[in-house]
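As a plain string of letters, each chain reads:
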Amino acid sequence: MQTQVAIIGGGPSGLLLSQILHLRGISSIVLEQKSRNYVLGRIRAGVLEQGLVDMVRAAGVGERMDKEGHPHSGFDIAFHGQRKRIDLEGLSGGKTVMVYGQTELTLDLYEARDQMGGHIVHEAENVTPCELETDRPYVTYEKGGNIYRIDCDFIAGCDGFHGVSRQSIPKSVLREYEKVYPFGWLGVLSKTPPVSSELIYNHNDRGFALCSMRNANLSRYYIQCSMNERVENWSDEQFWEELKKRLPEQAAQEIVTGPSIEKSIAPLRSFVAEPLSYGRLFLAGDAGHIVPPTGAKGLNLAASDIYYLSEALIDHYKKKSDQGLKDYSEKALKRIWKAMRFSWWMTTLLHKFPQNSEFDNRMQETELDYLFSSEAAQKALAENYVGLPY
Ligand code: APR
Ligand code: PHB
């Protein structure tokens with residue numbers, strides 16, 4: 001087979017790239033290791049920055065997001081009995097975020113690709129990017145016992161943290177930066193009305209907790225748990241009981257509980273690979289970096305990568321300019337590192353760190369106290385939360 005851009009990975013990064021390129025007359029084939037049902041069964045975060053919302057609309061996939069998504073103009077932080085609203089809109093000069101599940105966005109992207117005749121191969125095994133240093137790269141994969149080859153101009157590595165793309169960059173070229181946090185998040189999705197109309201990030205001596213939502217009858221809650229916690233050890237009752245202990249009194253009293261429809265544990269990690277390009281291979285999204293979920297930057301960072309990468313590919317094909325491709329890694333990384341800083345800061349601010357000294361704990365409390373009392377500090381939080389400009 002032949003295409004202009006071979007895209008490895010059919011998560012939001014790969015699908016969004018394929019959709020944007022298609023609208024500009026650039027062909028692509030998406031190779032996804034898993035089945036569509038598997039990809040659409042993963043529950044991920046659901047807070048979209050304005051930049052991503054604009055991209056989704058421009059890519060012609062914003063209709064359901066605009067109907068079913070909820071713009072949020074603020075969120076709460078609770079700590080030691082106080083509850084402070086961060087007025088995102090007021091503090092950021094009018095910007096808001098959109099609460100819309102990543103899983104829903106992925107479904108919308110699949111549907112749009114199908115309608116436009118997009119070529120997506122599911123259950124593609126042993127995907128291998130080849131001849132990256134040449135201008136005739138190709139990708140091979142296996143399916144149903146046959147081996148296939150796709151000749152292309154470029155390869156987009158959108159295959160997430162465990163994908164093959166990053167591993168195809170020689171060790172001598174690739175630098176990796178990593179921080180693993182000593183805890184995870186236990187998350188529950190339940191068909192219950194959210195406890196609050198906006199998100200609540202809770203700092204508590206028992207550990208962090210987050211109240212989030214998908215819609216008026218679908219709530220998403222998380223509690224910080226130990227790293228080696230197992231989901232089987234948490235009944236729904238135990239989860240709700242622990243969550244309530246970490247919420248402000250009023251929220252704990254008002255929360256509506258019910259059976260979980262999904263329950264999972266996610267580790268917390270910050271990770272960056274540099275550079276994000278090697279010859280004709282370009283990494284985007286989780287393939288190149290991971291943020292802890294505090295602040296919901298994962299999907300939004302994937303989107304800014306796709307913004308830079310799609311612009312660069314469009315310039316290559318439409319303007320015969322390769323400057324964007326040359327600059328892609330550096331440009332994307334600048335924004336990535338800033339989101340790394342922000343999600344690390346927010347994680348550090350809100351979680352209970354088992355190894356912390358008393359001094360560390362006082363610093364954390366003082367940081368929260370300062371945030372609650374300083375508009376300048378709240379502005380910095382809001383600016384980052386709504387998303388730095390592309
Ligand atoms: N070959 C083909 N596909 C692969 C391979 C491989 N070797 N390895 C992984 N994949 C697929 C995965 O099955 C997954 O569907 O690549 C896709 C990558 O999707 P995501 O992990 O969702 O990553 P990305 O599209 O970059 O989206 C980033 O997702 O993980 C969250 O927090 C993250 O919200 C962020 C967003
Ligand atoms: C979520 O709704 O899943 C969510 C929201 C905000 C976060 C992380 C996750 O910071």
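Scroll up for the structure.
First things first, this report covers the structure right here in the doc. None of the values given here were measured: they were computed from a predicted structure.

Here we take up the site of ligand 2. Among the 15 residues in the neighbourhood of ligand 2, the closest are listed as Y201, S212, R214, Y222 and P293. Within the side chain of Y201, an N or O atom sits 2.7 Å from an oxygen atom of ligand 2. In this structure, A296 approaches ligand 2 through a main-chain N or O atom, which is 3.2 Å from an oxygen atom. When isolated, ligand 2 has an accessible area of 280 Å², and the protein chains bury 100% of it. Residue contributions to the shell around ligand 2 peak at three residues, all from strand β15 (residues 209–215). Residue classes in the shell around ligand 2 are distributed as nine nonpolar, four polar and two charged. Taken domain by domain, the makeup of the shell around ligand 2 includes at least three residues from each of domain 1 (5–70 + 98–178 + 269–347) and domain 2 (181–268 + 352–386).

In the vicinity of ligand 1 there are 25 residues, among which S13, E32, R44, Q102 and D286 approach most closely. Between ligand 1 and R44 there is a distance of 2.7 Å, counted from an oxygen atom to a side-chain nitrogen or oxygen. At a separation of 2.6 Å, an oxygen atom of ligand 1 approaches a polar side-chain atom of Q102. Notes on ligand 1: free accessible area 700 Å², of which the protein chains cover 89%.

Here we take up the side chain of S18. Mapped onto the elements, S18 comes out in helix α1 (residues 12–23). Within polar-contact distance, the side chain of S18 engages the side chain of S28 at 3.4 Å.

A word on the pairing of strand β17 (residues 260–274). Note: strand β13 (residues 175–190) against β17, 13 bridges, orientation antiparallel. Directly across from G187, in β17, lies its bridge partner S264.

Further remarks concern the pairing of strand β6 (residues 82–86). Relative to β6, strand β5 (residues 75–79) runs antiparallel, the two sharing five bridges. Each residue of the ladder has a partner; that of I77, found in β6, is K84. Where β5 hands over to β6, the hairpin turn is made up of two residues, of which H80 adopts a positive phi near 45°.

Attention now goes to the packing of aromatic side chains. Scanning the entire structure with this criterion turns up 21 aromatic pairs. Consider the rings of F79 and F372, whose centres lie 5.7 Å apart with planes at 90°: the pair is edge-to-face. Taken together, the positions of F79 in strand β5 and F372 in helix α11 (residues 358–373) put the pair 293 residues apart, joining distant regions of the chain. A relative accessible area of 4% means that F79 is categorised as buried.

Rules and cut-offs
- Residues numbered from 1 in each chain as written.
- Chains lettered and ligands numbered in written order.
- Predicted model: local features only at pLDDT ≥ 70, side-chain atom pairs only at ≥ 80, totals over all residues.
- Heavy atoms only, no water.
- Near = heavy atom within 4 Å.
- Polar contact = N/O pair within 3.5 Å; in protein donor to acceptor, adjacent residues only side chain to side chain.
- Areas by Shrake-Rupley, 256 points an atom, 1.4 Å probe, with all protein chains shown as cover.
- Helix = DSSP H or I, 4+ residues; strand = E, 2+ residues; numbered from the N terminus.
- Nonpolar A, V, L, I, M, F, W, Y, C, P; charged D, E, K, R; others polar.
- Domains from an automatic or database assignment.
- Pairing = 2+ DSSP bridges.
- Phe/Tyr/Trp six-rings, centres within 6.5 Å; stacked < 30°, edge-to-face > 60°.
- Buried < 20%, exposed > 50% of the residue type's maximum accessible area, 1.4 Å probe, protein only.

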